[in-house]
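# Examining the three-dimensional arrangement
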Amino acid sequence: MLDVSQMPDFSRYSPTKSINELAPYISKTLSAYPSESKYINQQHYYHNENVLVEKYLPKQPHPMSLKQLAQYYDDSSKLTRQKILNSGKFVKEELCVRIAHKINRLQNLPFNLVNNFHFNQVYESYYNIFERFRKFPEIKDEETNLQFAKFLHAILSDFNSLNLPHLIMGALESCILDLYPQDKMDQLISELLRARISRRLIVEEHLSMTSNYLSGRKENMLVLGDIFQKCSAKAYLHDARTMCEAYMKNMYFDGIKMPQLILHGDTDLEFYFLPSHLKFLLGEILRNKYEATVKETIRLGLDEAPPIVVTIIENDQSYLFRISDRAGGVPYPDKLIWSFGKSQELATQSLANFHHLPGLQRESLYDSSSQVMERYTQTSLDHMTETNLKKGRFKFEKPLIDLLQRSPRYKLGIGLALCKVYAEYWNGDLTVHSIQGYGTDTVLKLGNLMTNTDRLQLDRV
């Protein structure tokens, strides 16, 4: 007679492990929150509802102009104690409000999307930033502003700087798993990237002003502040050429045939711009040109590589760089150029290369290494940060440049899509005109910042 009071031995019918061995993993998988998370736990819903939703979401971010960014509502360029303190107070409150709205944006995405590991990392990072800004003491004097500056440096330097690659990897995985419509995904990534640029600019400008004030300099540059510099188009193009030639030698060998870079038009152009953004834009576009040209030269067995021609045009509203090659044209549809997900096949290739990028694929807010990184940034670097601020030698971490300087073995496939977001941010555009079998014209348009200093914009500063 069958004893129905005992649990049947299912191992007789299935080669899987017993339920007792699987239980710990099932429990962890079905948990309502990540067990390692510092911010998503049993109290998260109530904290989120009572703090973020009730206190910060009703507040709206302030659209800003470039003049306001650099001068903080004071027409003079003089750096005074009160201006520095007002700047710090504004940054602290504005960043809380801005990041709160982006957290809410992520909360309203489908669960299977925001539960993706990489988007979850971004969510955790945003909450980390929100809590740290919210809890920072009120800025009352120069000492608390100095502590705030060191705090801002830590935010720019610690694991939160990995949000850019995590956003892109999340988009690629979403495409592979078909979690979200591609047009909506591209819109989401572009929106989050624009907001990220604005937050960094607000933070970096305050750090620059604080550094100037502490080092004894009592005046900012023009109306743009120190983070914007007068840039020589010719110098940046030549620097990009040097980087691209080194990249191609690394990809092939030292004696590989290189295309000549020819400059036409307003070759003596100098204009105010953000150096790291200009370096990234020209470097990324030219690298595509060099790679396509060298490959076409090898394919056709040519004695010399066809030249790459850059035509520089200046007008009152903008600057144009038309970069032309004779590398056979773009081999896939235009839509894929501007997408952060692309086809499932291309997304799989890009994601695999992302996973091999040094320092990006394994860093997690759940890792002890990240906790060590945060402690290291807040302690060992604290004195060095203060010294550099007081000597006016403040440097910013630039995740964009790290992506630009990656090894040729790591092809990511999102360079032009990123460039388009950055070009549009600065009231410009990026277009590609390809003739199959002949070549491609890539046109980079950048807005003249000196004509838009009073224009109020949100997530474009």
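Here the structure is shown first, and the text comes after it.
For the structure given in this document, a descriptive report is provided here.

## A closer look at the packing of aromatic side chains
On inspection of all chains with the given rule, the structure shows 16 aromatic pairs. On the numbers, 5.1 Å between centres and 85° between planes, the contact of Tyr-56 with Phe-130 is edge-to-face. One end of the pair, Tyr-56, is in helix H2 (residues 44–56); the other, Phe-130, is in helix H6 (residues 117–135), with 74 residues separating them in the sequence. Here Tyr-56 and Phe-130 have matching classes, each one buried. Measuring from ring centre to ring centre gives 6.0 Å for Phe-280 and Tyr-422, while their planes differ by 55°; the resulting arrangement is tilted. Placement of the pair is Phe-280 in helix H11 (residues 275–300) and Tyr-422 in helix H17 (residues 415–425), with a sequence separation of 142 residues. With respect to class, Phe-280 is no different from Tyr-422; both count as buried. One cation-aromatic arrangement involves Arg-199 over Tyr-126; the distance from NZ or CZ to the ring centre is 5.1 Å. One Lys or Arg, Lys-420, reaches over the ring of Trp-338 and ends 4.8 Å from the middle of that ring.

## A look at the packing of helix H9 (residues 182–214) against H17
Here H9 crosses H17 at 55°, and the two axes come no closer than 10 Å. In terms of orientation, H9 and H17 fall into the oblique class. Our pair here, H9 against H17, has a crossing hand that is right-handed. Judged by residue contacts, Ser-190, Leu-193, Arg-194, Arg-196, Ile-197, Ser-198 and Leu-201 of H9 engage Leu-418, Val-421, Tyr-422 and Tyr-425 from H17. When grouped by side-chain class, the residues that make up the contact of H9 with H17 number seven nonpolar, two polar and two charged.

## Re the environment of Gln-405
Mapped onto the elements of the fold, Gln-405 is located in the loop between helix H16 (399–404) and H17. A C-alpha to C-alpha distance of 9.6 Å links Gln-405 and Cys-244, two positions 161 residues apart in sequence.

## Quick notes on unusual backbone geometry
A positive phi angle, close to 55°, is found at Asp-178, a residue other than glycine. The class of Asp-178 is exposed, set by a relative accessible area of 60%. Of note in this structure, Asn-427 is not a glycine but carries a positive phi near 55°. Within the element layout of this structure, Asn-427 appears in the loop between H17 and strand S6 (429–435).

## A closer look at the side chain of Glu-284
Here Glu-284 shows up in helix H11. Note on Glu-284: relative accessible area 2%, which makes it buried. For Glu-284, the contacting residues outside a window of four places in its chain are Leu-404, Arg-406, Gly-415 and Cys-419.

## Describing the pairing of strand S4 (residues 308–314)
Counting buried residues along S4, five of its seven residues qualify, which places the element largely inside the surrounding structure. Pairing analysis gives five bridges linking strand S2 (residues 261–265) to S4, with the strands arranged parallel. Directly across from His-264, in S4, lies its bridge partner Thr-311. Relative to strand S5 (residues 318–325), S4 runs antiparallel, the two being bridged by six bridges. Within the sheet, the bridge partner assigned to Glu-314 lies in S5 and is Tyr-319. Here S4 folds back onto S5, and the loop between the two strands holds three residues.

## Quick look at the pattern of salt bridges
Charged atoms that come close allow side chains of opposite charge to pair. Inspection of every chain in the model, using the stated rule, returns 18 salt bridges. The salt bridge partner of Lys-67 is Asp-454, with a shortest N-O separation of 3.4 Å. Separated by 387 residues along the polypeptide, Lys-67 in helix H3 (residues 66–71) and Asp-454 in the segment after strand S7 (439–447) bring together distant segments of the chain. By relative accessible area, which is 27% here, Lys-67 ends up partly exposed. Put simply, Asp-429 and Lys-420 hold a salt bridge, and the shortest N to O gap is 2.8 Å. Each of Glu-94, Arg-98, Lys-102, Arg-105, Glu-191 and Asp-459 takes part in a single network of salt bridges with overlapping partners.

## Regarding the sheet that holds S7
The strands making up a sheet are joined through hydrogen bonds of the backbone, oriented either antiparallel or parallel. Strand order in the open sheet formed by five strands is S2-S4-S5-S7-S6, and the pairing between neighbours is mixed. The open sheet has two free edges, formed respectively by S2 and S6, since each of these has just one partner strand. Geometrically, the sheet is characterised by an average inter-axis angle of 15° between neighbouring strands, direction not taken into account. On the sheet, helix H10 (residues 233–251) packs against S2, S4 and S5 and is oriented at approximately 165° with respect to S2.

Rules of the game
Residues numbered from 1 in each chain as written. Predicted model: local features only at pLDDT ≥ 70, side-chain atom pairs only at ≥ 80, totals over all residues. Heavy atoms only, no water. Phe/Tyr/Trp six-rings, centres within 6.5 Å; stacked < 30°, edge-to-face > 60°. Helix = DSSP H or I, 4+ residues; strand = E, 2+ residues; numbered from the N terminus. Buried < 20%, exposed > 50% of the residue type's maximum accessible area, 1.4 Å probe, protein only. Lys NZ or Arg CZ within 6 Å of the ring centre and 35° of its normal. Axes fitted to C-alpha atoms, helices over the stretch in contact; angles between N-to-C directions. Parallel < 35°, antiparallel > 145°, perpendicular 65-115°, else oblique. Left-handed = near helix turned anticlockwise from the far one by under 90°. Contact = heavy atoms within 4.5 Å. Nonpolar A, V, L, I, M, F, W, Y, C, P; charged D, E, K, R; others polar. Pairing = 2+ DSSP bridges. Salt bridge = Lys/Arg side-chain N within 4 Å of Asp/Glu carboxyl O.

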